[in-house]
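Each chain, written out:
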Amino acid sequence: MEVVGAAVGALVATTSELLCSCVSSKTSTTFNLHSNLAAVEKEMESLKVHIEVVIRVREAAEKEGKEIGAQVVIWLKDVATLLTRVNAIQRQMVNNKRPSRCFLNCRKRYRASREVEETLKEIKRLLLVAPSFDSGLTRVPEAVECIPGPSIQGQTTASKKLDETMKALYDGCKRIGIWGPGGVGKTTLVKNLNNQLREASTQPFGIVIWATVSKNSVIKNVQKQIAERLNLEVKMDESVQRMASRLYERLEKEEKFLLILDDVWEEIDLDTLGVPRPEVHKGCKILLTSRLMEVCRNMTTDLDIKVEVLNDVEAWQLFCQKAGGVAHREEIKPLAEAIVKECSRLPLAIITVGAAMRKKTRVELWRHALKELQRSVPSIEGIEDKVYKPLKLSYDSLQEGLIDVGQNWANMDEGISLIENLKDSCLLEECIGWNAVKMHDVVRDVAIWISSSSEDGCKSLVRSGIGLSDISAEEFSNSNSLDRVSFMRNNITRLPDCMIQCSKASTLLLQDNYALDTVPEKFLQGFEALKVLDLGSTSIRSLPHSLLQLRDLRVLLLWDCRNLEELPSLGTLTKLRELDLEGTSITNLPRGIENLSELRILNLAFTKKLKSIQPGIISKLSCLESLSVLDSGFCFGLKGEEDGQATFEELKSSFDRLHNLSISLNGIPWDKVEDLSWINRISDLQLRFPQPQERSCLLKINKKRCSFRCLNLSSSQEWIGWFWGNSSSLELRECTGLDEMLEDFIESDASFAGLKSLHIVDCPTSLGQRGGCAARCDLLPNLEKFRLSWMENLNSISELAGHLGLRLNSLKSIAVEICRQMKYLLSCGDFIQTLSNLEEIKVHNCENFEELFNNESGQNISPDPMVPKLRILQLWNLPKFKTLCRYEETWPCLEQVDVWKCEGLIRLPLTNQNAGTIKEINGESEWWDALEWEDDQTKSSLLPFFHEGFGPMLLTRYI
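These remarks concern the structure in this document.

Basis of the calculations
Residues numbered from 1 in each chain as written. Predicted model: local features only at pLDDT ≥ 70, side-chain atom pairs only at ≥ 80, totals over all residues. Heavy atoms only, no water. Core = buried A, V, L, I, M, F, W, Y, C linked by side-chain atoms within 4.5 Å. Buried < 20%, exposed > 50% of the residue type's maximum accessible area, 1.4 Å probe, protein only. Helix = DSSP H or I, 4+ residues; strand = E, 2+ residues; numbered from the N terminus. Contact = heavy atoms within 4.5 Å. Pairing = 2+ DSSP bridges. Right-handed = clockwise from strand over helix to strand, strands pointing away. Axes fitted to C-alpha atoms, helices over the stretch in contact; angles between N-to-C directions. Salt bridge = Lys/Arg side-chain N within 4 Å of Asp/Glu carboxyl O. 1 Å grid on protein atoms, 1.4 Å probe; cavity = no way out; pocket = protein on both sides within 12 Å on 5 of 7 lines; lining within 4 Å. Points joined across faces, edges and corners; volume = space filled by probe spheres on them. Nonpolar A, V, L, I, M, F, W, Y, C, P; charged D, E, K, R; others polar.

Examining the nonpolar core
Of all hydrophobic cores here, the largest spans 157 residues; its most connected members are Phe476, Phe527, Phe708, Phe723, Trp724 and Leu852. Residue contributions to this core peak at five residues, all from helix H21 (residues 738-747). In contact with phenylalanine 527, other than residues within four places in its own chain, are Phe476, Val485, Ile500, Cys502, Ala505, Leu508 and Leu550.

Here you go:
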């Protein structure tokens, strides 16, 4: 028994030792479970970063058509296996949150602990391996790369354009054109847009690609920039077509991308470039900048945003930023402000000049700089290279020439085409409120510089608008090389009394020197090749006989020479094409005028002392295309009223060639409709004729746009309907007999489908008080613009529209001004449910106006918005105005709101749902602060679009 006991004891002891050792190891593994789980969680966070990087790199490589290394493939497979194990562990831990203390559960716990421990080792191995193949991976391009450039922060004008562009990108515009003159800040604007996208919390594009195109750029250079941005290999010997195929293939794999093409000068074929068209690739968007509107047009942009010059405050701030504190010095500030004015708010010019004047403290230097700018001389450091030469590129890009001096009306369409091209190239600008164009001052300076430095020897001498009181002969140094000479808009009192040898000069401009009263005989003798002479708005009393030696003269302008009573015989100037005597004091036509066989334009307007035009003279001017004798002392007689003077019958023989006719008559030159057929042959017609017991009537017609002033409409019923039926636009101003004329139309069931615009001004009416619908058909079924001014006895447009049967289905614009009794625009109900196409509403200075639309009780009101397409709302000086629309109504397309002196208006039809369409809100700050909103978020989102200080001084901008 002792032996057995000893043997059992030894066995137990041995077994116990082995068991303790095993238990100790398993216990250690089991007890480390929680710490290992924490370590797995921590290490997995690090591994996930590597996983995301490698996956992005793999996707980039696939897009570029590259293969990734075998070790990366194996690593990713190991990662996939690992993730399966980690997910299993996580599920097991969730299911065993409260494990039993029994032995079997301990065994399961040990196995789980062992699995976690091995998983942790695998994570560490994968982390250790990952950096070893980083060098072999493709670099992933950033979604948006930073493009260095100046910030536009604080520049309201540019910031508004940036907001408009950014909104268009997010709203779904596929192609956007940013255009404007050189140096205005187009590239700066788009750089700011690019960098703003980079800072966005959520990236709208997988990649934003910037490519600078520039003038005379080669398509392969643009392809190279795009390829480098996409990490595609650039092969120098590769054809454009092959590169386009690779680019197209690569970009197709991008879900969303934006391509920015900067400084585009001509249309770029996207297929040739290798960029998927936005119509095919739904995630592709194109943003381009150009000086030329024609480029945007050819690139079929959905939206074109013109970048304007700075306002005065921004221009001064930018200049001070570049010039430094010296610009604020008391003795320098007036000169600095004058210099900024010369830069005409063009950012590039302001930046260049400001930098050149930085830290210059001597007043003399500032005076000299101002003088050089006024003389269009690029002597200031940097002006020629940084301003003039870049702007000259716009001039160089022009393909057409300019209209020749005195070119005839047959080429007028060509001339308009050229002017539009210059406007589209930002070399000319529209004059707001005038049918004219102007040139930016800096562009003008560049034009003078180009002309003065031209290699063909034809140069210009320009001394306009610089306050000269006289001209010395020394001004004409190297005069034989001069082609054009201008001393316009000065205070010149005398000209050199000697011969100035300017044998090549074709143009001499001396207008707007009101103190100039004499042209010395010798002065013009050296201008033997002169084609254009402008002495308008001077005080000259006579013309020198040396003028008659200018046998090549084409244009002679003497407008507003009020002291000029007589001209010498002009019979020797046989090449003269334009003669402007408007506002002179002549009593008779110049002798020899009938010999001017090439004369095309004769302007005798406002010649109050002109009493006679002999018969036969006008008919002898066989090339005459434009004749103006309006507001003159002479009236053309009618048939049978010859009396030794020219008559309207004589003019009829010229109607086939006359394009512009403005004359006064002794009476109405037609009796019936049949006599009016000639009117359609004249592009621009103005006739003034007297009426019995009435003021004289003025008729204006310009390409189907017709205007009557002071006409008795009731006594003109025989023929007035012809003008309604043959006009696209009609204005009745201070006319009587409106009711009788309209009643006649109603009785005859007239309908004028061609009339699209109607403006009635100060014409007495009582139709609105009669009520009801008298018309059996819509008098104006296609009316698009309706405007009432100074109309009394109207409570609303509905009164007039209803009586005439107007449905207003095509109406796009309503304007009402100074209608003192008017209380609302329209009554909504059975007759007019909605104005489905209305885009503009403008109401000004109506003292009793209370609301836009009167929803009469008992009427069938549509639940839809009254004006679903309204874009522009303008309300000025309406002291009783309170209501725009029903409280729950919103206008989904509203873009611009202008409110001035309408204190009762406290709510706009804007909510979070439609506020995104707004581009501009103008009004007084007190009105803005008092507005009530659905929520604060709507007001805060609209605040950047609110501008204070709007008023009727900007009337010409809108009407």
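Let's talk about the pairing of strand E19 (residues 705-709)
For E19 and strand E20 (residues 729-733), the ladder comprises five bridges, and the chain directions are parallel. Each residue of the ladder has a partner; that of arginine 709, found in E20, is arginine 733. Read as a crossover between parallel neighbours, the route from E19 over helix H20 (residues 720-725) to E20 is right-handed.

Observations concerning unusual backbone geometry
Of note, the phi angle at threonine 300 is positive, near 50°, even though the residue is not glycine. The residue asparagine 793 is not glycine, and still its phi comes out positive at about 65°. Looking at the element boundaries, asparagine 793 is found in the loop between strand E22 (785-789) and helix H22 (797-804).

Points about the sheet that holds strand E1 (residues 175-179)
Spatially, E2-E3-E4-E1-E5 is the arrangement adopted by the five strands of the open sheet, whose pairing is parallel. Among the strands making up the open sheet, the edge pair consists of strand E2 (207-212) and strand E5 (303-306). Recorded for the sheet is a direction-independent mean angle of 15° between the axes of neighbouring strands. Two elements, strand E3 (residues 257-262) and strand E4 (residues 284-290), share five bridges in a ladder whose sense is parallel. Looking at the pairing, leucine 259 lines up with isoleucine 286 of E4.

Some details on the pattern of salt bridges
Counted under the stated rule, the structure contains 34 salt bridges. In this structure, arginine 229 and glutamate 145 form a salt bridge, with 3.8 Å as the shortest nitrogen-oxygen distance. Within this pair, whereas arginine 229 is found in helix H7 (residues 219-229), its partner glutamate 145 is found in the loop between helix H4 (103-129) and helix H5 (156-171), the two being separated by 84 residues in sequence. Between aspartate 269 and arginine 277 there is a salt bridge, and its shortest N-O distance comes to 3.8 Å. Here aspartate 269 falls in the partly exposed class, since its relative accessible area comes to 35%. A residue is classified by how much of its surface remains accessible, and arginine 277, at 29% relative accessible area, is partly exposed.

Quick word on the pairing of strand E24 (residues 824-828)
Side-chain direction in a regular strand flips from residue to residue, so the side chains alternate between the two faces of the sheet. Judged by how many residues are buried, E24 sits mostly within the fold: five of five residues are covered. Note that E24 and strand E26 (residues 851-855) share four bridges and pair parallel. Its bridge partner lying in E26, cysteine 828 is registered against asparagine 855.

Quick look at empty space enclosed by the protein
Enumeration according to the criterion identifies four cavities of 30 Å³ or more in this entry. Taken as a whole, the largest cavity encloses approximately 60 Å³ of empty space. If you go around the largest cavity, the residues you meet are Glu342, Cys343, Ala349, Leu373, Ile383, Val387, Tyr388, Val442 and Asp445. Listed by contribution, the elements that provide at least two residues to the lining of the largest cavity are helix H15 (383-396) and helix H17 (441-452). Tallying contributions element by element places H15 first for the lining of the largest cavity, with three residues. When the residues that make up the lining of the largest cavity are grouped by side-chain class, the tally is seven nonpolar, no polar and two charged. What the second largest cavity holds in volume is close to 50 Å³. In terms of lining residues, the second largest cavity is bounded by Trp724, Leu742, Leu758, Ile760, Leu779, Leu780, Phe786, Leu800, Leu804 and Leu806.

Details of the packing of H21 against H22
The N-to-C vectors of H21 and H22 enclose an angle of 35°; their axes lie 10 Å apart at closest approach. Contact with H21, carried on its side by Leu742, Glu743 and Ile746, involves Leu800, His803 and Leu804 of H22 and no other residues of that element. Its residues placed into classes, the contact of H21 with H22 shows four nonpolar, one polar and one charged.

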